[in-house]
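Secondary and tertiary structure notes
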Amino acid sequence: FALRSWITMSTVTSKLSREQERKLCSMLGSGRLSLLFKASVHGYTADAFHRKCDRQGPTVTVAYNNSGYIFGAYTSRDYAQTNQNIADEKAFLFSFNEKEMKRDPLRVISGEAQRSHNDGAAGPNFISLVFLYNNTATVNSNPGTYQFDPVKMHGNDLQLTECEVYRVEGAGSLMEKPWRNIQWDFEKRKSLMDMIAGWKHGVSSVKKARVLLIGPVGAGKSSFFNSINSIFKGYVSTQANTGCAGTSLTTQFRTYSIKAGRDGKLLPISLCDTMGLEEGLNAGLDIDDFTSILKGHVQDKYQLNPSMPLQPESPSFCKEPTLKDKVHTVVYVIDACKVKLLSDKMIEKLAAFRRKTNQMGVPQLVLLTKVDEACACVAENLMNVYRSHYIYKMVQEVSNNLGVSLSAVIPVMNYSQDLELDPKTDILLLNAVVQMLRTTESFFDDLFHEDDLTPERKSL
C-alpha cells in the first residue's frame with residue numbers, strides 16, 4: 001500500500017496560542033485553520049514541505065523566532081511546483097509579536113501584480129521572504145517586491161524556532177454539484193431506519209452482522225456507537241466511554257447491541273469497540289489481539305493488555321468460535337482533521353492491520369469522522385459535505401492510501417456536544433450503517449454458495 005505518504009496528529013500540534021490563532025484568522029477572514037506541516041516534526045526541507053502542502057488550496061505559512069515574532073505569508077493559490085511566478089491579488093505577508101498582542105499586526109501586499117510568490121521546488125518562496133531557505137531553519141529576507149521594515153517584520157532574527165503551514169478553510173470551497181447524491185428529507189431518515197431494522201442476510205446461524213470499529217485514539221469509534229444508539233433511542237445518549245485523552249479510554253473489548261426504541265427488538269447489527277491504535281510499543285490495540293478478535297476468540301468485556309496479548313490457555317479465550325462470534329466487517333475510523341498528519345509509526349500500524357484483515361478475507365470500510373471540524377463549509381451546513389472540495393480530497397487520499405474504493409469511504413458527523421438529534425446528522429450516520437450491512441452481506445455471499453442460503457435469503 002502507498003501508505004508512506006499518509007499521516008496522524010497524535011503528537012503533531014499547533015504552536016499558535018488561541019489568541020494568536022484568532023488574530024491570524026481575523027486577518028485571513030477565516031474561522032478555521034488546519035495544520036498541514038510542522039518543520040520540527042516533518043523536517044526543515046522543501047521536499048517535506050511540498051509532500052504535505054502541495055495542492056491543498058489556500059494556505060498560510062507561519063514562522064517563529066526567538067525574538068517573539070510570529071510572521072509569514074498567505075496565498076490563495078495551490079502549491080504545485082510549476083517553477084512559475086504566481087499572480088495572487090489575495091496574497092500578503094504578515095507579522096506580529098507574541099509580547100505585543102494588543103498591537104495591530106503588520107500586513108504587506110506585493111508591489112508586483114504578477115509576482116506574489118514563486119511556485120518552485122524550494123520552500124515557501126514569497127520573493128521578499130523565502131522560508132526553509134536552503135533546507136535550513138532560516139528565512140531569507142530581501143524587501144523589494146514586498147516593501148517592509150525588517151525590524152518590524154522579524155526583528156532581523158532570521159533563525160527559525162519553528163515553521164508551520166496551515167490550510168485556510170473558508171468560502172468558495174464548494175463544488176457546483178455534489179460528488180455523491182443523498183436525500184436529506186425526513187422520509188429518507190425513516191426509510192434508512194426501517195431498512196436497518198428489517199435487514200436479513202439469510203444465514204440462519206448468524207443473527208447479527210458483527211462489525212469491528214478500529215482506529216487511532218480519539219478518532220470517534222465509541223462516539224459512533226453512541227450516535228447510532230441515540231438515533232434509535234430517540235434522544236442523545238452516552239453508553240460507551242468517549243473523550244479526547246492521549247491514550248485510549250476504551251480498555252476492554254466490547255460488543256454493543258442496539259435496540260430499536262426503548263422496548264423495541266434488537267437491531268441485526270453488533271458494533272464491536274476496542275482499544276484505539278497508538279504509536280508506542282506496548283500501547284494501544286495489539287495486532288495479535290486484533291487477529292484473535294477477527295477470529296472470534298475474544299469474549300465481550302475482556303480486559304485488553306497491550307503488553308500481553310490474549311493467550312489460548314486463558315479462560316477468556318474462546319477456543320471454538322462459530323461464525324456468529326467472528327468479525328464480518330472491519331471499519332477503520334479516521335478523523336478527517338488528521339488525515340494529513342499521521343506519524344510514520346501509525347501508518348505502519350494501519351498497514352499491518354490492513355494486511356492481516358486482507359489475509360483473513362474480511363471486507364473493510366472507512367468512516368471519515370469530524371467532517372464538520374475539518375471543513376468550515378460543512379460546519380455551516382452539513383448538507384455541504386458532498387460538495388466540499390476539501391472533504392472530497394480527504395476521501396480520495398484515504399481511498400488511495402488505504403487501498404479501498406471511494407465508495408468504501410463514508411463521511412460522518414458523530415454526536416459529541418449536541419443535546420438534541422438532528423435529521424441531517426442522522427441521515428449521514430444511518431447511511432454508514434446501511435453500507436456496513438451491505439458489506440457484511442457481500443461477506444456472507446462469498447462464504448456461502450446459493451445452495452447454502454436460506455429460502456428467505458434466496459428471495460432477496
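Cut-offs and rules
- Residues numbered from 1 in each chain as written.
- Predicted model: local features only at pLDDT ≥ 70, side-chain atom pairs only at ≥ 80, totals over all residues.
- Heavy atoms only, no water.
- Helix = DSSP H or I, 4+ residues; strand = E, 2+ residues; numbered from the N terminus.
- Areas by Shrake-Rupley, 256 points an atom, 1.4 Å probe, with all protein chains shown as cover.
- pLDDT = per-residue confidence, 0-100.
- Contact = heavy atoms within 4.5 Å.
- Axes fitted to C-alpha atoms, helices over the stretch in contact; angles between N-to-C directions.
- Parallel < 35°, antiparallel > 145°, perpendicular 65-115°, else oblique.
- Left-handed = near helix turned anticlockwise from the far one by under 90°.
- Nonpolar A, V, L, I, M, F, W, Y, C, P; charged D, E, K, R; others polar.
- Buried < 20%, exposed > 50% of the residue type's maximum accessible area, 1.4 Å probe, protein only.
- Polar contact = N/O pair within 3.5 Å; in protein donor to acceptor, adjacent residues only side chain to side chain.
- Pairing = 2+ DSSP bridges.
- Core = buried A, V, L, I, M, F, W, Y, C linked by side-chain atoms within 4.5 Å.
- Expected span 1.5 Å × (residues − 1).

**Some remarks on the overall build of the protein**
Within the protein, the secondary structure is distributed over 13 helices and 17 strands. Element-wise, carbon and sulfur atoms account for 47% of the exposed surface of the protein, whose accessible area totals about 20600 Å².

**Here we look at the confidence of the model for the protein**
With 90% of its residues at a pLDDT of at least 70, the protein reaches an overall mean of 86. Counted against residues more than four places away or in other chains, residues 453-460, with its pLDDT under 50, gives 13 contacts.

**Considering the packing of helix α7 (residues 287-295) against helix α8 (residues 344-359)**
Look at α7 against α8: their axes get within 11 Å of each other, and the N-to-C directions meet at 30°. Judged on the interaxial angle alone, α8 and α7 are roughly parallel. Once α7 is placed against α8, the crossing between them reads as right-handed. Within the contact between the two elements, α7 uses Ile 287, Phe 290, Thr 291 and Leu 294 and α8 uses Ala 352, Phe 353, Lys 356 and Thr 357. The class makeup of the residues in the contact of α7 with α8 is five nonpolar, two polar and one charged.

**Observations concerning the environment of Thr 329**
Relative to the helices and strands, Thr 329 resides in strand β15 (residues 329-335). The buried category is assigned to Thr 329, whose relative accessible area is 0%. Each C-alpha atom of the pair Thr 329 and Arg 438 lies 9.9 Å from the other, and the pair is 109 residues apart in sequence. Beyond its immediate chain neighbours, meaning those up to four positions away, Thr 329 contacts Arg 210, Val 211, Leu 212, Val 362, Pro 363, Met 436, Thr 439 and Thr 440.

**Details of the side chain of Ser 388**
Here Ser 388 shows up in the loop between α10 (376-380) and α11 (389-402). According to the relative accessible area criterion, Ser 388 is buried, its value standing at 0%. Among the polar contacts listed, one links the side chain of Ser 388 to the backbone nitrogen of Ile 391, at a separation of 3.1 Å.

**Here's the deal with unusual backbone geometry**
A positive phi is found at Asn 135, a non-glycine position, where the angle reads about 60°. One can find Asn 135 in the loop between β8 (129-131) and β9 (139-141). Residues other than glycine seldom take positive phi values, yet Asn 156 does so here, at roughly 55°. Within the secondary structure layout, Asn 156 lies in the loop between α4 (150-154) and β10 (160-169). Residue Asn 156 is classed as exposed on the basis of its relative accessible area of 53%.

**Quick notes on the sheet that holds strand β14 (residues 302-303)**
With mixed pairing, the seven strands of this open sheet are ordered in space as β14-β12-β13-β11-β15-β16-β17. Each having just a single partner strand, β14 and β17 (409-411) make up the two edges of the open sheet. Relative to β15, strand β11 (residues 209-214) is paired through four bridges, and the arrangement is parallel. Its bridge partner being in β15, Leu 213 is matched across the sheet by Val 331. Running at roughly 165° to β11, α7 makes contact with β11, β12 (252-259) and β15 of the sheet.

**Quick look at the nonpolar core**
Phe 224 and Met 436 are the most contacted members of the largest nonpolar core, which has 85 residues in total. Apart from residues lying up to four places away in sequence, Met 436 is in contact with Val 211, Leu 213, Phe 224, Ile 269, Leu 271, Thr 329, Val 331, Leu 365 and Leu 367. If you look at the next biggest cluster of nonpolar residues, it comprises 25 residues, including Leu 36, Phe 131, Leu 132 and Cys 163.

**Here's the deal with α7**
Taken residue by residue, α7 has Asp 289, Phe 290, Thr 291, Ser 292, Ile 293 and Leu 294 as its buried positions. Against β11, β12, β15 and α8 lie the buried residues of α7. The residue sitting at the N-terminus of α7 and contributing the capping side-chain oxygen is Asp 286; that oxygen lies 2.7 Å from the backbone nitrogen of Asp 288. Just beyond α7, the residue with positive phi is Gly 296, at close to 90°.

**Re the pairing of strand β3 (residues 69-75)**
Among the seven residues in β3, seven count as buried, and that is most of the element. Neither face of β3 is open: one carries Tyr 69, Phe 71, Ala 73 and Thr 75, the other Ile 70, Gly 72 and Tyr 74, and all of them are buried. Two strands pair when backbone bridges link them, and strand β2 (residues 59-65) and β3 are joined in this way by six bridges, in the antiparallel orientation. Bridged to Thr 59 within β3 is Thr 75. Once β2 ends, the chain turns through three residues before running back antiparallel as β3, passing Gly 68 with a positive phi of about 90°.

**Considerations on the packing of helix α6 (residues 221-233) against helix α12 (residues 423-447)**
Across the interface, α6 lies against α12 with an axial gap of 10 Å and an inter-helix angle of 105°. If you check the angle between α6 and α12, you find them roughly perpendicular. Residue-level contacts link Phe 224, Ser 227, Ile 228, Ile 231 and Phe 232 of α6 to Asp 426, Leu 429, Leu 430, Ala 432, Val 433 and Met 436 of α12. Residue composition of the contact of α6 with α12, grouped by class: nine nonpolar, one polar and one charged.

**Remarks on α6**
Between the first and last C-alpha of α6 there are 19 Å, a value that for 13 residues agrees with the 18 Å anticipated at 1.5 Å per step. In terms of burial, α6 is largely enclosed, as 12 of its 13 residues are buried. Among all positions in α6, only Lys 221, Ser 222, Ser 223, Phe 224, Phe 225, Asn 226, Ser 227, Ile 228, Asn 229, Ser 230, Ile 231 and Phe 232 are buried.

**Digging into the pairing of β2**
Across the seven residues of β2, seven count as buried, placing the element largely inside the fold. Across the two faces of β2 the burial is the same, with Thr 59, Thr 61, Ala 63 and Asn 65 and Val 60, Val 62 and Tyr 64 all buried. As paired strands, β2 and β10 are joined by seven bridges and run antiparallel to one another. Residue Tyr 64 lies in a different strand from β10, and its bridge partner there is Glu 162.

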